[in-house]
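Fold and geometry: a report
Single-letter residue listing:
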Amino acid sequence: MKRREFLKLSLGAAAASVSPVARAQTPLREIRIGYQKTGVLVIARQQAVLEKRFAARQIGIKWIEFTSGPPLLEAMSIGSVDLGSVGDTPPIFAQAANANVLYVAGSRITNGQGILVPANSGIRAIADLKGKRVGFTKGSSAHNVVIATLEKAGLTYEDITPVYLTPPDAGPAFANGSIDAWAVWDPYFAIGEKRQSGRILVNAHEVAKTNSFYLANRDFANTNVKETREVIDGLAEAARWAEANRGEVASALAAITGVPLEVQAIAANRASFLIGPVTDEIVTTQQAVADRFHRLGLIPKPIAVRDIVWRHTQS
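Residues numbered from 1 in each chain as written. Predicted model: local features only at pLDDT ≥ 70, side-chain atom pairs only at ≥ 80, totals over all residues. Heavy atoms only, no water.

Here we look at the overall build of the protein chain
Operational definition: Each helix corresponds to a stretch of at least 4 residues labelled H or I by DSSP, and each strand to a stretch of at least 2 residues labelled E; elements are numbered beginning at the N terminus. The atom set for the radius of gyration is the C-alpha atoms, and the globule formula is 2.2 Å times the number of residues raised to the power 0.38. The classification of residues rests on relative accessible area computed with a 1.4 Å probe and restricted to protein chains. Under 20% of the type maximum is buried, over 50% is exposed, and intermediate values are partly exposed. Surface exposure here means Shrake-Rupley accessible area, sampled with a 1.4 Å probe, where a residue is shielded only by the protein chains that are shown.
Each helix and strand counted, the protein chain has 13 helices and 10 strands in total. Taken against the 2.2 N^0.38 rule, which gives 20 Å for 315 residues, the C-alpha radius of gyration of the protein chain at 21 Å falls within 12% of a compact globule. Principal axes of the C-alpha set define a box for the protein chain whose edges measure 80 × 50 × 35 Å. Within the protein chain, the fraction of its 315 residues that count as buried is 51%. Accessible area for the protein chain stands at about 14,000 Å²; split by element, carbon and sulfur atoms hold 52% of it.

Here we look at the sheet that holds strand β4 (residues 101-109)
Stated precisely, the cut-off is as follows: In this description, strands pair whenever DSSP reports at least two bridges between them. Lines fitted to the C-alpha atoms define the axes, with helices restricted to the stretch that makes contact. Angles between their N-to-C directions range from 0 to 180 degrees. Only heavy atoms matter for contacts: two residues are in contact if any of them lie within 4.5 Å across the pair.
The sheet built from five strands is open, its strands ordered β2-β1-β3-β10-β4 with mixed pairing. Across the chains shown, the open sheet's two edge strands, defined by having one partner strand only, are β2 (60-65) and β4. On average, adjacent strands in this sheet sit at an angle of 20° to one another, irrespective of strand direction. Two elements, strand β1 (residues 30-35) and β2, share six bridges in a ladder whose sense is parallel. Within β2, the position partnered with E30 by the bridge is G60. Along the sheet, helix α2 (residues 40-47) makes contact with β1, β2, β3 (83-86) and β10 (210-217), crossing β1 at roughly 135°.

Remarks on the pattern of salt bridges
Keep this limit in mind: Any Lys or Arg side-chain nitrogen found within 4 Å of a carboxyl oxygen on Asp or Glu counts as a salt bridge.
Within this structure, the stated rule accounts for 13 salt bridges. Across the pair D186 and R270 runs a salt bridge, and its minimum N-O distance is 2.8 Å. Of this pair, D186 sits in the loop between β8 (181-185) and α8 (188-195) while R270 sits in helix α12 (residues 261-270), and the two are 84 residues apart along the sequence. As far as the burial class goes, D186 and R270 line up, both buried. Salt bridges sharing partners connect three or more residues here, namely E151, R292 and R295.

A few points about the packing of aromatic side chains
Operational definition: By convention, a stacked pair of Phe, Tyr or Trp rings (six-membered ring in the case of Trp) has centres within 6.5 Å and planes under 30 degrees apart, an edge-to-face pair has planes over 60 apart, and any other such pair is tilted.
Inspection of every chain in the model, using the stated rule, returns six aromatic pairs. Judged by centre distance (6.0 Å) and plane angle (80°), the rings of Y35 and W63 are edge-to-face. Of this pair, Y35 sits in strand β1 while W63 is found in strand β2, placing the two residues 28 residues apart along the sequence. Each member of the pair, Y35 as well as W63, is classed as buried. Taking 5.5 Å as the distance between ring centres and 80° as the angle between the ring planes, the aromatic pair formed by F136 and Y164 counts as edge-to-face. With F136 in strand β6 (residues 133-136) and Y164 in strand β7 (residues 161-164), this pair connects stretches of sequence that are 28 residues apart. Taking the relative accessible area as the measure of exposure, F136 reaches 0% and is therefore buried.

Comments concerning the environment of F189
For F189, the location among the structural elements is in helix α8. Those residues in contact with F189 that lie beyond four places of it in its chain are G112, Q113, G114, I115, L116, V184, I200, V202, N203 and R270.

Examining the nonpolar core
We apply this condition: To form a nonpolar core, buried Ala, Val, Leu, Ile, Met, Phe, Trp, Tyr and Cys residues must be joined to one another through side-chain atoms within 4.5 Å.
Membership of the largest hydrophobic core comes to 96 residues, with the highest contact counts inside it found for I31, I33, Y103, I115, L129, Y214 and L235. Discounting residues that sit within four places of it in the chain, Y103 has contacts with P91, I92, F213, Y214, L215, V278, Q286, V305, I308, V309 and W310.

Side note on the side chain of S140
Following the sequence through the fold, S140 ends up in the loop between β6 and α6 (141-152). When sequence neighbours within four positions are dropped, the list of residues in contact with S140 reads P70, T89, P90 and W185.

Quick notes on the packing of α6 against helix α13 (residues 280-295)
This is how the line gets drawn: For classification purposes, angles smaller than 35 degrees are called roughly parallel, those larger than 145 roughly antiparallel, those between 65 and 115 roughly perpendicular, and all remaining angles oblique.
Packing of α6 against α13 leaves a shortest axis separation of 11 Å and a crossing angle of 75°. Viewed along their axes, α6 and α13 adopt a mutual orientation that is roughly perpendicular. On α13, the residues that touch H143, N144, I147, A148 and E151 of α6 are V289, R292, F293 and R295.

Some points on helix α4 (residues 69-77)
One full turn of an α-helix is made of 3.6 residues, so residues set three or four places apart face in the same direction. Three or more residues of α4 are buried, namely G69, P70, L72, L73, A75 and M76. Just past α4, the residue G79 takes up positive phi, approximately 90°.

A short note on the sheet that holds strand β9 (residues 198-203)
The strands making up a sheet are joined through hydrogen bonds of the backbone, oriented either antiparallel or parallel. If you trace the five strands from one edge of the open sheet to the other, you get β7-β6-β8-β5-β9, paired in mixed fashion. Across the chains shown, the open sheet's two edge strands, defined by having one partner strand only, are β7 and β9. The average undirected angle you get between the axes of adjacent strands in this sheet is 30°. Summarising the sheet, strand β5 (residues 113-118) and β9 pair through five bridges and their orientation is antiparallel. Bridging from a neighbouring strand, I115 pairs with V202 of β9. Packing against the sheet, helix α7 (residues 167-175) makes contact with β5, β8 and β9, and its axis sits at approximately 145° to β8.

If you want it as structure tokens, here you go:
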């Protein structure tokens, strides 16, 4: 090998070996948080919980809104978002696509998502969904709710016509009759009830255990362990406040998201906010979701949820 080529390769290898250290030594100046139109992140933003915690170190907080979990995790995987909150299904699809994300905390969902039908619909039982057009966001928690609901009634995924729509598109489709049922989460679930004469066919907690999750970009979390822990601690603080102040929560959610107060009040009163580590029980529940999607061929390979649980989540 020529000396010039050898030096070029040697220098390249040296640069590759020191670059992680160099990145780790670069001062963190901003944490980018991805959020949706409800939940603890909205409350934390309204109260500037994280801004106050990081102000002394001159670390800014940037808030980025998403309509659903899948695009949020896509942005997180490529490094455009550092941390965010989603339902149970987006991480399954993300992991199956080798996304660069980790579970860093979890939260039980006890209410606030399910399947709506029009008030005057002839759909009265789950079995009546057979042959119907059901709208939901592909790869979202609503996707899991639909599948679990069908299984409970002895139906298969092939028994319905799935119509993949984001919540902003599904709302009008539900209102004008383009879909027969709508699976979604709050505040859209409450909007469907309050503003579009929706009738609850199924509450998600009636068919399966569900969780929401806080995820982080893998490189961010592993490089900034202390800061990631502090973000979760700040959000846990906001969650405890929310559990005890639901009336004020509704006002905070409405102020940040623009969703009417009467709608956010419904969402706030039935939400579960508390945040904790990703326990073995939560991993087991989430693994069942992953196995369900693989069994139906909706993700291309089996995955082990535990493989992307942050090693610092319980320490």
